[in-house]
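# Observations on the three-dimensional arrangement
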Amino acid sequence: MTGIGRRAVLAGLAATSFARPSLAQGARGRVVVIGGGFGGTTAARALQRAGIGVTLVEPAETYLACPFSNEVIAGMRPLSAQAFGYDGVRASGVTIARTRAEAVDGAARQVRLADGQVLDYDRLILSPGIALRFDALPGYDAAAAQAMPHAWKAGAQTELLARQLAAMPEGGTVVMSVPGNPYRCPPGPYERASLIAWFLKTRKPRAKLIVLDAKDTFSKQRLFESAWRALYPDILEYVPLAAGGQVTSVDPGQMSVATDFSTYKADVACIIPPQRAAPIATAAGVTDRSGWCPIDPVTFESRLVPRIHVIGDAAIAGAMPKSAFAANAQAKVCADAVADLLAGRTPVAPKLVNTCYSLVAPGYGISVAGVYHPDKGVLADVEGAGGTSPLDAPDDVRKQEAVYAEDWYRTITAAVFG
Amino acid sequence: MRRLALLLLLATPAAAAPPPGATTCSGCHGAPGGAVPSLAGHSAEDIAAAMAAFRTGARPATVMNRIAKGFSDEESRAIAAWIAQGGGQ
């Protein structure tokens, strides 16, 4: 085939694929998606590909991704490597309302935006992410976060913690506080602890890191603890709940972190507070008393308000963790379900996968994977599948998983924002 | 002509709805050239055979062995057929 002929064929095909949406033939309806992160952006693009009119509501011009932001904190990569614009999303045909969603009227099926616009919907997909609870830990509010960063949303907080670590005196003490479940990115605090320990080991070897945890068990625990013993035995001290690890209050003026048993003086303190679904979820009436959103495991439709679907970190997704990978997988399933519902078809029970990589040092990656399906009304683990990297894996497997982690990030950010 | 047929196959939108689990693959498997192998251009037979080999452990893996165990042979074949027909692209 000649170059010209081939281009013509490809151009023809591209035109065909836009003109004949496969997913939602006959579907009618208007979908609004709130939240331009890994979940919402994926859902909006999937619906657009299916030929369904969709508006994505997102006030930010640039999205700052959380996966790999622990590397920014440890000085291993710039924050700019976490930044993604929405030009590619717009170019794909998705309409973006660059403003905040202020209210949702589930009965009238309307979203009111901060700029006064009102959007009607047949189906609403909420992918709003988390809110940090500044009412849950005595002493820790928005002002305290300027002295003791949470860095649990990528951006200024991430850079603040990175700067504090870089400026910390030799022989200083870093204190981290980790909340109880559930929260965004279950293995994230332990990856952060690992990479801060690596930073201290390589830059400030007399410094210490104390990790205070409100629980006794955590994601990839044996892998993390084995790596910590091997790599950071004199630097990282882990204090679980059973040993008095639960932080009961903080004092940003004194730079102190208190448990029931002792008070830790910190040169740098990273306080990851308890979390809940972002406020728009509560405004829409889809959060329960836990602060998170119960959903149907087949369609991700809210258990509380019909025609509103919730995906990503805000949703109670059973055994699925609150991760970017999970949000992306849920978005694709939810978009298919919404397309089916708009076309009068019954969505089939889905299967979903999650894979989360963590780095414990440069070139040392570990992973946890899971396969999920609806079972007894919740998303449950498929028995016999999933699990973590082997405890006894050789170095080249750890290196390979670190490479796969980077590759996953490139692939998913290209698919979502590219 | 074979190349044209392949191009057509890859670029034509999937007519059928994705079978359970199928849309999740693109979370890791993207365009060719990355460390994670691309699924583009593989036949349904190849993809289903790889899933079966991951499931039994015959083919070494980091995560695919853990993921493949969550899918029956029948489910894997359905996913493989959908991907080979250009689903999700």
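Basis of the calculations
Residues numbered from 1 in each chain as written. Chains lettered and ligands numbered in written order. Predicted model: local features only at pLDDT ≥ 70, side-chain atom pairs only at ≥ 80, totals over all residues. Heavy atoms only, no water. Helix = DSSP H or I, 4+ residues; strand = E, 2+ residues; numbered from the N terminus. Buried < 20%, exposed > 50% of the residue type's maximum accessible area, 1.4 Å probe, protein only. Contact = heavy atoms within 4.5 Å. Areas by Shrake-Rupley, 256 points an atom, 1.4 Å probe, with all protein chains shown as cover. Pairing = 2+ DSSP bridges. Axes fitted to C-alpha atoms, helices over the stretch in contact; angles between N-to-C directions. UniProt positions renumbered as here; feature names shortened; annotations may be inferred. Salt bridge = Lys/Arg side-chain N within 4 Å of Asp/Glu carboxyl O. Disulfide = S-S within 2.5 Å. Phe/Tyr/Trp six-rings, centres within 6.5 Å; stacked < 30°, edge-to-face > 60°. Lys NZ or Arg CZ within 6 Å of the ring centre and 35° of its normal. Polar contact = N/O pair within 3.5 Å; in protein donor to acceptor, adjacent residues only side chain to side chain. Domains from an automatic or database assignment. Buried area = accessible area lost by both parts, 1.4 Å probe. Expected span 1.5 Å × (residues − 1). Core = buried A, V, L, I, M, F, W, Y, C linked by side-chain atoms within 4.5 Å.

On a plain count of helices and strands, chain B comes out with four helices and zero strands. Evaluated residue by residue, chain B yields a buried proportion of 40% over its 89 residues. Contacts in chain B between residues at least 24 apart in sequence constitute 57% of all its contacts with a sequence separation of at least 6. For chain B, the computed accessible surface area is about 4,500 Å², with 62% contributed by carbon and sulfur atoms.

So, about the sheet that holds strand 11 (residues 173–178) of chain A. Residue and element names in this part refer to chain A. Strand order in the open sheet made by the four strands is 13-12-11-17, with parallel pairing throughout. At either end of the open sheet lies a strand with only one pairing partner, and these are strand 13 (236–239) and strand 17 (268–271). Direction aside, the axes of adjacent strands within the sheet are offset by 15° on average. Of the strand pairs in this sheet, strand 11 and strand 17 are connected by four bridges, and their pairing is parallel. Bridge pairing in strand 17 places Val174 opposite Val268. The sheet contacts of helix 7 (residues 188–203) involve strand 11, strand 12 (208–213), strand 13 and strand 17, and relative to strand 11 the element is tilted by about 175°.

Here the focus is the UniProt feature "domain: FAD/NAD(P)-binding" (unreviewed entry) in chain A. According to UniProt, the "domain: FAD/NAD(P)-binding" (unreviewed entry) feature falls on residues 30–140 of chain A. Measuring from the first to the last C-alpha atom of residues 30–140 of chain A gives 41 Å, for a span that is 20% helix and 34% strand.

All names here are of chain A. Under the definition given, this model contains 19 salt bridges over all chains. The residue Glu71 makes a salt bridge to Arg77 at a minimum N-O spacing of 3.7 Å. For the residue pair Glu71 and Arg77, the accessibility class agrees, reading buried in each case. For Asp313, the salt bridge is made with Arg184, and the minimal N-O distance between the two is 2.6 Å. With Asp313 in the loop between strand 20 (308–310) and strand 21 (315–316) and Arg184 in the loop between strand 11 and helix 7, the pair connects residues that are 129 residues apart, well separated along the chain. The same class applies to Asp313 and to Arg184, which are both buried.

Before going further, it helps to spend a moment on the state of the cysteines. Residue and element names in this part refer to chain A. Counted under the stated rule, the structure contains zero disulfides over all chains. Here Cys185 stays unpaired: no disulfide links it, and the sulfur of Cys356, its closest cysteine neighbor, is 6.1 Å away. The class for Cys185 is partly exposed, based on a relative accessible area of 29%.

It is worth spelling out the sheet that holds strand 2 (residues 53–57) of chain A at this point. Residue and element names in this part refer to chain A. Taking strand neighbours across the sheet as the criterion, the five strands line up as 5-2-1-9-20 in an open arrangement whose pairing is parallel. Edge positions in the sheet fall to strand 5 (95–97) and strand 20, since each of these pairs with one other strand and no more. Between one strand axis and the next, the sheet turns through 25° on average, direction left out of account. Two elements, strand 9 (residues 123–126) and strand 20, share three bridges in a ladder whose sense is parallel. Following the sheet pairing, Leu126 is matched in strand 20 by Val310. Along the sheet face, helix 2 (residues 38–49) touches strand 1 (30–34), strand 2 and strand 9 and points at about 165° away from the line of strand 2. The strands touched by helix 10 (residues 324–342) within the sheet are strand 1, strand 9 and strand 20, with strand 9 carrying the most contacts at an inclination of about 170°.

Another aspect to go through is the environment of Met320 of chain A. As for its position among the elements, Met320 of chain A is in the loop between strand 21 and helix 10. Contact partners of Met320 of chain A, with chain neighbours within four places excluded, come to Ala326, Gln330, Leu352, Val353, Asn354, Tyr372 and Leu379 of chain A.

Let's shift gears to the packing of aromatic side chains. How two aromatic rings sit relative to each other is set out by the distance from centre to centre and by the angle between their planes. Enumeration over the complete set of coordinates arrives at 18 aromatic pairs over all chains. Summarising the aromatic geometry, the rings of Tyr86 of chain A and Phe417 of chain A are spaced 5.9 Å apart at their centres and angled 75° between planes, so their arrangement reads as edge-to-face. Remark: Phe417 of chain A occurs in helix 11 (residues 395–417) and Tyr86 of chain A occurs in the loop between strand 4 (83–85) and helix 4 (87–91); sequence separation between them is 331 residues. Taking relative accessible area as the criterion, Phe417 of chain A reaches 5% and is therefore assigned buried. Here the aromatic residues Phe38, Tyr63, Phe68, Phe84, Tyr86, Tyr409 and Phe417 of chain A are joined through ring pairs into a cluster of three or more. Note that Lys322 of chain A overlies the ring of Trp292 of chain A, its terminal NZ or CZ placed 4.1 Å from the centroid. The side chain of Lys351 of chain A reaches across the aromatic face of Phe71 of chain B, ending 4.9 Å from its centre.

All names here are of chain A. Inspection of the secondary structure assignment puts Thr41 in helix 2. For Thr41, a relative accessible area of 0% gives the class buried. For Thr41, the side chain forms a polar contact with the main-chain oxygen of Gly36, separated by 2.9 Å. What Thr41 contacts, discounting residues up to four positions off in sequence, is Gly35, Gly36, Leu56, Tyr86, Val89, Val416 and Phe417.

Moving on to the domain arrangement of chain A. Interfaces are often sized by the amount of accessible area the parts lose when they come together. All names here are of chain A. Taken as a whole, chain A is organised into domain 1 (31–129 + 278–417) and domain 2 (143–274). Using C-alpha coordinates to define each centre, domain 1 is positioned 27 Å away from domain 2. The interface of domain 1 with domain 2 comprises 33 residues on the first partner and 34 residues on the second. Of all residues in domain 1, Asn70, Ile73 and Leu391 give up the largest surface area on contact with domain 2, accounting jointly for 24% of the area buried on that side. The interface formed by domain 1 and domain 2 holds one salt bridge in total.

We now examine helix 2 of chain A. Residue and element names in this part refer to chain A. If you check helix 2, its first and last C-alpha atoms are 17 Å apart, about what 12 residues at 1.5 Å a residue would give, namely 16 Å. Summarising burial for helix 2: 10 of the 12 residues are buried, a large majority. By the burial criterion, the buried members of helix 2 are Phe38, Gly39, Gly40, Thr41, Thr42, Ala43, Ala44, Arg45, Ala46 and Leu47.

Next up on the list: helix 6 (residues 156–167) of chain A. Residue and element names in this part refer to chain A. Its 12 residues place the ends of helix 6 16 Å apart at the C-alpha level, agreeing with the 16 Å of an ideal helix rising 1.5 Å per residue. Within helix 6 the residues assigned to the buried category are Gln157, Thr158, Leu160, Leu161, Ala162, Gln164 and Leu165. Contact partners of the buried residues in helix 6: helix 3 (69–73), helix 5 (144–147), strand 11, helix 7 and strand 17.

All names here are of chain A. Grouped together as the largest cluster of nonpolar side chains are 135 residues, with contacts concentrated most on Ile34, Val111 and Leu209. The element contributing the most residues to this core is helix 10, with 12 residues. Viewed by domain, this core spans two of them, domain 1 (31–129 + 278–417) and domain 2 (143–274), each represented by three or more residues. Not counting the four nearest positions on each side in its chain, Leu209 is found in contact with Val174, Met176, Ala193, Ile196, Ala197, Leu200, Ile235, Leu236 and Glu237. Counting residues in hydrophobic clusters, the runner-up holds 17 residues, among them Val175, Val257, Ala269 and Ile271.

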